[in-house]
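An overview of the molecular structure
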Amino acid sequence: MSGISRRRFLRGVLGGTVVTVGLPILNCLLDDSGRAFAATGKRIPVRFGTWIWGCGMIDRLWVPEQEGTDYALPPHLEPIAPYRDRIAVLSGFDVVLDGVPNKPHVTGCLGLRTGIPTPDLEVKAPTLDVLVADVIADTRFRSIEVCSAGIERSYSYRDAGSPNPSETSPLALYRRIFGEGFVDPNAADFQPDPRDLVHKSVLSAVSEERRALLAAVGAEDRHRLDEYFTALRELEQKIALQLEPPAPVENFQKPEPPPETPVDAEIEHVLENHRLMAQLLARALQANQTRVFNVLFSDTASNLRKPGTSSTHHTLTHEEPVDPELGYQREVAWFAARSMEAWRDFLDALAAIPEGDGTLLDHCLVFAHSDCSDAKAHAVEGIPMMVAGSAGGRIRTRLPPQGPGRRHLPGGAHPDAGHGGEHRSLGYAVHGDQPPPRRAARLKRPCRVPWRRPEGGWMRILLVEDDPQLGDTVRRALAAEGYAVDWLADGAGLEAALACEAVDLLVLDVRLPGRSGIDLLRALRSGGPRIAGAVAHRLRRHRGQGARARRRRRRLPHQTLRDG
């Protein structure tokens, strides 16, 4: 029996008299916390979404100094103070590279969303939002993706190389959701579109041929056909929903079209577009147009910029000197703070809609994260994350699940970063629960100051190393000293990388696949992009741990070439 309402009665005839029997409150009428039901009598659905901001955070301004339920909010988390009881702040979680080269601003983001680190955009799909949508999204839209920073980009993948498309304009988002094809759930009359009836009959005829076709092709073709039929099944489900009257929605009013706004990366325009799209998305969730969403506030290599300037947030993370009084980059901190204000605006849009005995936010689970922790070093250790909402009572945000990891300590120190002082490596760093036992203290090391350019900014190093373990070790060692390090697994993309960003030092492996490091250096000296210095090395990993292996490592030659 389906479509049970709390207003439903059992009716019959007894001795010529009509009899009506009421029903008790059933579990199917309650929300997922078992406390309340909507005025329509329908079970309140659970929604899931992700919210991404680029270029990480400044840990002394973002990571709480205490653990447990009564932690003090650091400056960059103060905007979300009204939601501290509905948010779990997660720190100390790493993307374990497992020998995979760290592609800046990509590997960390996709590693979080898939659980598998990748050296490029060939993500090991599907991402977690797609897996959730396959379970809960029996709605008009399987998911909705938006990007408020003016670029058509998404980190939601069903298949490698094909991200789900995103909307960049509030007006375009409105037309997609509430334009042609939208049916007001509270409308008095409902008539299905005749075009949907035709589409349904055509798809039904095609579906009858699927089994025979799948049985006649090989495994690779079956996989390709399965992807294609998955898209067809989603279309069939969408058409089927259009043929049925929607369930009434309490307190729903169709929003008015938003104004046409500039779509670019200027921070004030981005904040306004994000606010408008957050309100439209909240109404779409309320009207059951979708149950899964992905919001990209700023790209992982954040393109946000102030009015009248060309320097982006991403560029500043590498080029801006550290303020000697503050101890961090002033402009970078400003952009990070505005990102957290946008996160609060998004939560405001969800919390403003009442639903059952709570709000739309209470029936959502929103996973917010960035792509790295320290953007200057492209660090994927201690990536900032938050979980908001309780998924209708399924998630206790004040007592969230704990995860192991290393914590970025307040004051800019990392347990492995090589700063002075005593640093503690915490097994867990989840704010909203009781702290676990602490591990032993790390050894102290003197602080080394990275070389600075005369015009300001820290030294930028490009490492080209095909050995995953050695490359990751060298990258970590240089990043721990405060340098900005990019890593390529081969020399194929070297010229393109040098053309994109200025590099102060190039570190090359001599025995690269295809073209040796020495040949690459000669090509650069003969007319390629100019760099301050380059080092070609032949240092390789050795399995032996004895004196013979150590002597062999000392005897390996290296060559240094420097431009004038």
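For the structure, see preceding data.
A short tour of the structure in this document, coming up. (Residues numbered from 1 in each chain as written. Predicted model: local features only at pLDDT ≥ 70, side-chain atom pairs only at ≥ 80, totals over all residues. Heavy atoms only, no water.)

Time to look at the overall build of the chain. Scanning the chain from terminus to terminus reveals 14 helices and 18 strands. Burial statistics for the chain: of 564 residues in total, 50% are counted as buried. Summing over all exposed atoms, the chain offers an accessible surface of approximately 27,300 Å²; the carbon and sulfur share of this is 52%. (Helix = DSSP H or I, 4+ residues; strand = E, 2+ residues; numbered from the N terminus. Buried < 20%, exposed > 50% of the residue type's maximum accessible area, 1.4 Å probe, protein only. Areas by Shrake-Rupley, 256 points an atom, 1.4 Å probe, with all protein chains shown as cover.)

Two numbers describe how helix α4 (residues 170–178) lies on helix α8 (residues 267–286): the axes approach to 9 Å, and their chain directions differ by 10 degrees. The orientation of α4 relative to α8 falls into the category roughly parallel. Every residue of α8 that contacts α4 at Pro 170, Leu 173, Tyr 174, Ile 177 and Phe 178 is listed here: Asn 273, Leu 276, Met 277, Leu 280, Arg 283 and Ala 284. Grouping the constituent residues of the contact of α4 with α8 by class yields 9 nonpolar, 1 polar and 1 charged. (Axes fitted to C-alpha atoms, helices over the stretch in contact; angles between N-to-C directions. Parallel < 35°, antiparallel > 145°, perpendicular 65-115°, else oblique. Contact = heavy atoms within 4.5 Å. Nonpolar A, V, L, I, M, F, W, Y, C, P; charged D, E, K, R; others polar.)

Residues of helix α3 (residues 128–136) that are buried include every one of Asp 129, Val 130 and Ala 133, and no others. On an axial view of α3, the arc spanned by its buried residues comes to 100 degrees, and they lie on one face. Tucked into the core, α3 has its buried residues touching β3 (47–52), α2 (107–114), β5 (144–147), β6 (157–159) and β8 (292–296). (Arc of directions from axis to C-beta.)

So, on to the side chain of Asp 371. Considering the arrangement of structural elements, one finds Asp 371 in the loop between β11 (364–369) and β12 (385–388). For Asp 371, which is buried and forms no salt bridge, the nearest opposite charge comes from Arg 153, at a distance of 11 Å. There is a polar contact of 2.8 Å between the side chain of Asp 371 and the side chain of His 105. Reaching out from Asp 371, the side chain makes a polar contact with the side chain of Ser 370 at a distance of 3.3 Å. Setting aside residues no more than four positions away along its own chain, Asp 371 makes contact with Trp 53, Gly 54, Cys 55, Gly 56, His 105, Gly 108, Cys 109, Thr 300, Val 380 and Ile 383. (Lys, Arg positive; Asp, Glu negative; His and termini not counted. Salt bridge = Lys/Arg side-chain N within 4 Å of Asp/Glu carboxyl O. Polar contact = N/O pair within 3.5 Å; in protein donor to acceptor, adjacent residues only side chain to side chain.)

Now for the environment of Leu 110. Residue placement: Leu 110 occurs in helix α2. For Leu 110, a relative accessible area of 0% puts it in the buried group. For Leu 110 and Leu 121, which are 11 residues apart along the polypeptide, the C-alpha to C-alpha distance reads 8.3 Å. Among residues more than four places away in sequence, those in contact with Leu 110 are Gly 115, Ile 116, Thr 118, Asp 120, Leu 121, Val 123, Tyr 155 and Tyr 157.

What follows concerns the pattern of salt bridges. Applying the stated criterion across every chain, the model contains 16 salt bridges. Across the pair Arg 153 and Asp 299 runs a salt bridge whose closest N-O atoms are separated by 2.6 Å. Separated by 146 residues along the polypeptide, Arg 153 in the loop between β5 and β6 and Asp 299 in the loop between β8 and α9 (313–319) bring together distant segments of the chain. With relative accessibility at 37%, the residue Arg 153 sits in the partly exposed group. Residue Arg 338 pairs with Glu 341 through a salt bridge whose shortest N-O separation is 2.9 Å. Placement of the pair is Arg 338 and Glu 341 together in helix α10 (residues 330–351), with a separation of 3 residues, close to one helical turn. Note on Glu 341: relative accessible area 26%, which makes it partly exposed. If you follow the salt bridges from partner to partner, you end up with Asp 134, Arg 142 and Arg 158 in one network.

Quick look at the side chain of Arg 338 now. For Arg 338, a relative accessible area of 15% corresponds to the buried category. Here Glu 341 takes part through its side chain, which lies 2.9 Å from a polar atom of the side chain of Arg 338. Residues in contact with Arg 338, not counting those within four places in the same chain, are Ile 267, Glu 268, Leu 271 and Phe 297.

Looking now at the environment of Val 292. The residue Val 292 is located in strand β8 in this model. Given a relative accessible area of 0%, Val 292 falls into the buried group. On a C-alpha basis, the gap between Val 292 and Val 132 in space is 7.7 Å, while along the polypeptide they are 160 residues apart. Val 292 has contacts with Phe 48, Asp 129, Val 132, Ala 133, Ile 136, Ala 137, Arg 142, Ser 143 and Ile 144, leaving out every residue within four places of it along the chain.

Here we take up the packing of α8 against α10. Look at α8 against α10: their axes get within 8 Å of each other, and the N-to-C directions meet at 25 degrees. Classified by the angle their axes make, α8 and α10 are roughly parallel. Remark: the crossing between α8 and α10 carries right-handed chirality. Contacts between α8 and α10 involve Ile 267, Glu 268, Leu 271, His 274, Ala 278, Gln 279, Leu 281, Ala 282 and Leu 285 from the former and Trp 334, Arg 338, Ala 342, Asp 345, Phe 346, Ala 349 and Leu 350 from the latter. (Left-handed = near helix turned anticlockwise from the far one by under 90°.)

When you line up the elements, Asp 226 lands in helix α7 (residues 219–242). When the C-alpha atoms of Asp 226 and Leu 214 are compared, they prove to be 8.6 Å apart, with 12 residues separating the residues in sequence.

Moving on, we get to the packing of aromatic side chains. Tallying each qualifying case throughout the model produces 10 aromatic pairs. Pairing Trp 51 with Phe 297 gives two aromatic rings, centres 5.6 Å apart and planes at 15 degrees, and the pair type is stacked. Highlighted residues: Trp 51 in strand β3 and Phe 297 in the loop between β8 and α9, separated in sequence by 246 residues. Take Trp 51: its relative accessible area is 0%, and that puts it in the buried class. Since its relative accessible area comes to 0%, Phe 297 is described here as buried. Note on Phe 178 and Phe 182: the rings are 5.1 Å apart at their centroids and 70 degrees apart in plane angle, and the pair reads as edge-to-face. Taken as a pair, Phe 178 and Phe 182 share a single burial class, namely buried. (Phe/Tyr/Trp six-rings, centres within 6.5 Å; stacked < 30°, edge-to-face > 60°.)

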